[in-house]
Amino acid sequence: MRYFVAVAEELHFGRAATRLHMSQPPLSRAIKQLEADVGALLFTRSPVGVTLTPVGTVLLDEARALLDHADSVRARVSAAAGVATITVGILGDGTDPGMTRLAAAYRRRHPGIDIRIRDTDLTDPTCGLRAGLVDVALTRAPFDETALTVRALRTDPVGAVLRADDPLARRDRLRLVDLSDRRWFQFPAGTDPIWQSYWNGGRPRAGPAVRAVQECLQAVLWSGTVGLAPLGHDLPAELVAVPLIDMAPSRVVAAWNESDTNPLIRSFIELAIAAYRH
């Protein structure tokens, strides 16, 4: 199921294999075995990637729910056994240099700690904090911070992601008003409204619902939908990001439940501030 969700969110076997830290052939075999077990194709394959079939779309929601439950069970069992663990929720680019420095520093300081990673989609900017699925989240603000403690680590300018053949893609910079007549991607119903409003440039918009970064990029590529993204990240050759000069920067933050006194979290935050300062 984890393999399936990775492919479904990346919409590309190669990227999913990289995310899972494995080679592509065993991943492809695992997905084919899952399709055999289900008795239906889960993906439509093409030279440039994959898309979900209707059966795959149904399974994706069920798989996410099953994995969330499995993570919760594992955390409860570990706590009962007294195992020293910390679960980190990550939303965004796992290759961020700040995150790479943080991972190395935390391993050095806590070599005996079991560090678990939960990679999350765009529908929950807290990465499962409120559901008790993670101890601390590396994510982006803004979102509802009720009962959470949030520490800013870095700010990134934001740009509009457009198809390379879009007339606006030739501009050096844009304003939000330049995009007022476009369709924007939306997050599913129930997503944090503060988070949704930020990525919609502060006003209601209409457009397709997405859950993952690759779905956002595909919406731009296939439908000309406007997406926003922090600048400085790699994009497919068919897409460009044009700086938005009237958009508030995106804040990279660490967040945790304010009532959680786990010393492993305090150490994590201390190291995160230092790692993202460079």
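Relevant structure appears above.
Residues numbered from 1 in each chain as written. Predicted model: local features only at pLDDT ≥ 70, side-chain atom pairs only at ≥ 80, totals over all residues. Heavy atoms only, no water.

Quick notes on the overall build of the protein
Right, so step 1: For the protein, the count of helices and strands is eight helices and 10 strands.
Right, so step 2: Radius of gyration (C-alpha) of the protein: 19 Å, near the 19 Å computed for a compact globule of 278 residues.
Right, so step 3: Dimensions along the principal axes, computed over C-alpha positions, put the protein at roughly 60 × 50 × 30 Å.
Right, so step 4: Considering only contacts within the protein whose residues lie at least 6 apart along the sequence, 70% involve residues at least 24 apart.
Right, so step 5: Only carbon and sulfur atoms are counted for the fraction: they give 56% of the accessible area of the protein, which is about 14000 Å².
Right, so step 6: Measuring between centres, the 32 positive side-chain charges of the protein sit 3 Å from its 31 negative side-chain charges. (Helix = DSSP H or I, 4+ residues; strand = E, 2+ residues; numbered from the N terminus. Rg over C-alpha atoms; globule rule 2.2 N^0.38 Å. Contact = heavy atoms within 4.5 Å. Areas by Shrake-Rupley, 256 points an atom, 1.4 Å probe, with all protein chains shown as cover. Lys, Arg positive; Asp, Glu negative; His and termini not counted. Charge placed at Lys NZ, Arg CZ, Asp CG, Glu CD.)

Comments concerning the sheet that holds strand S3 (residues 85-90)
Right, so step 1: Spatial ordering of the open sheet is given by S4-S3-S5-S10-S6, a layout of five strands whose pairing is mixed. The open sheet is flanked by strand S4 (114-119) and strand S6 (148-156), the only strands paired with a single partner. Sheet twist, expressed as the mean angle between neighbouring strand axes with direction ignored, is 25°.
Right, so step 2: Alignment of S3 against S4, held across six bridges, turns out to be parallel. (Pairing = 2+ DSSP bridges. Axes fitted to C-alpha atoms, helices over the stretch in contact; angles between N-to-C directions.)

Regarding the pattern of salt bridges
Right, so step 1: Summed over all chains, the structure comprises 15 salt bridges.
Right, so step 2: Among the ionic pairs, Glu-9 bridges to Arg-64, the shortest N-O distance being 3.0 Å. Taken together, the positions of Glu-9 in helix H1 (residues 2-10) and Arg-64 in helix H4 (residues 54-81) put the pair 55 residues apart, joining distant regions of the chain.
Right, so step 3: We classify Arg-64 as buried; its relative accessible area is 9%. (Salt bridge = Lys/Arg side-chain N within 4 Å of Asp/Glu carboxyl O. Buried < 20%, exposed > 50% of the residue type's maximum accessible area, 1.4 Å probe, protein only.)

Quick word on the nonpolar core
Right, so step 1: One finds Leu-162, Leu-174, Leu-179, Leu-228 and Leu-244 to be the most contacted residues of the largest nonpolar core, which totals 34 residues.
Right, so step 2: The residues touching Leu-162, leaving out its near neighbours within four places in the chain, are Leu-168, Ala-169, Leu-174, Leu-179, Arg-182, Val-220, Val-226, Glu-238, Leu-239, Val-240 and Val-242.
Right, so step 3: Counting residues in hydrophobic clusters, the runner-up holds 22 residues, among them Ile-113, Val-136, Leu-153 and Ala-272. (Core = buried A, V, L, I, M, F, W, Y, C linked by side-chain atoms within 4.5 Å.)

Looking at unusual backbone geometry
Right, so step 1: With an omega dihedral of 15°, the bond running from Ala-141 to Pro-142 counts as a cis peptide bond.
Right, so step 2: Mapped onto the fold, Pro-142 is located in the loop between strand S5 (136-141) and S6.
Right, so step 3: The phi angle at Leu-11 is positive, at roughly 55°, despite the residue not being glycine.
Right, so step 4: Following the sequence through the fold, Leu-11 ends up in the loop between H1 and helix H2 (13-20).
Right, so step 5: By relative accessible area, Leu-11 is classed as buried at 10%.
Right, so step 6: Phi at Ala-147 is positive, roughly 65°, even though this residue is not glycine.
Right, so step 7: Locating Ala-147 in the fold gives a position in the loop between S5 and S6.
Right, so step 8: Using a relative accessible area of 41% as the deciding quantity, one classes Ala-147 as partly exposed.

Examining the packing of aromatic side chains
Right, so step 1: Within the structure shown, the criterion is met by seven aromatic pairs.
Right, so step 2: Ring centres of Tyr-106 and Phe-268 lie 5.6 Å apart, and the angle between their planes is 65°; this geometry places the pair in the edge-to-face category. Placement of Tyr-106 in helix H5 (residues 97-109) and of Phe-268 in helix H8 (residues 263-277) is noted, with a sequence separation of 162 residues between them. A single burial state applies to Tyr-106 and to Phe-268, both of which are buried.
Right, so step 3: Here the aromatic residues Phe-185, Phe-187, Trp-195, Tyr-198 and Trp-199 are joined through ring pairs into a cluster of three or more. (Phe/Tyr/Trp six-rings, centres within 6.5 Å; stacked < 30°, edge-to-face > 60°.)

Digging into the packing of H1 against helix H3 (residues 24-38)
Right, so step 1: Taken N-terminus to C-terminus, the directions of H1 and H3 make an angle of 105°; their axes are 10 Å apart at the nearest point. Taken together, the axes of H1 and H3 lie roughly perpendicular to each other. Counting all contacts with H1, which are made through Tyr-3, Phe-4 and Val-7, the residues of H3 involved are Leu-27, Ala-30, Ile-31 and Leu-34.
Right, so step 2: A class-by-class count of the residues in the contact of H1 with H3 yields seven nonpolar, no polar and no charged. (Parallel < 35°, antiparallel > 145°, perpendicular 65-115°, else oblique. Nonpolar A, V, L, I, M, F, W, Y, C, P; charged D, E, K, R; others polar.)

What to know about the pairing of strand S10 (residues 250-257)
Right, so step 1: Along S10, six of the eight residues are buried, which leaves the element largely enclosed by surrounding structure.
Right, so step 2: In terms of strand pairing, S6 meets S10 through eight bridges, oriented antiparallel. Paired with Thr-155 across the strands is Arg-251, a residue of S10.

Focus: the side chain of Glu-35
Right, so step 1: Within the secondary structure, Glu-35 is located in helix H3.
Right, so step 2: Take Glu-35: its relative accessible area is 8%, and that puts it in the buried class.
Right, so step 3: With sequence-adjacent residues up to four places away left out, Glu-35 is seen in contact with Ala-40, Leu-41, Leu-42, Phe-43 and Arg-45.

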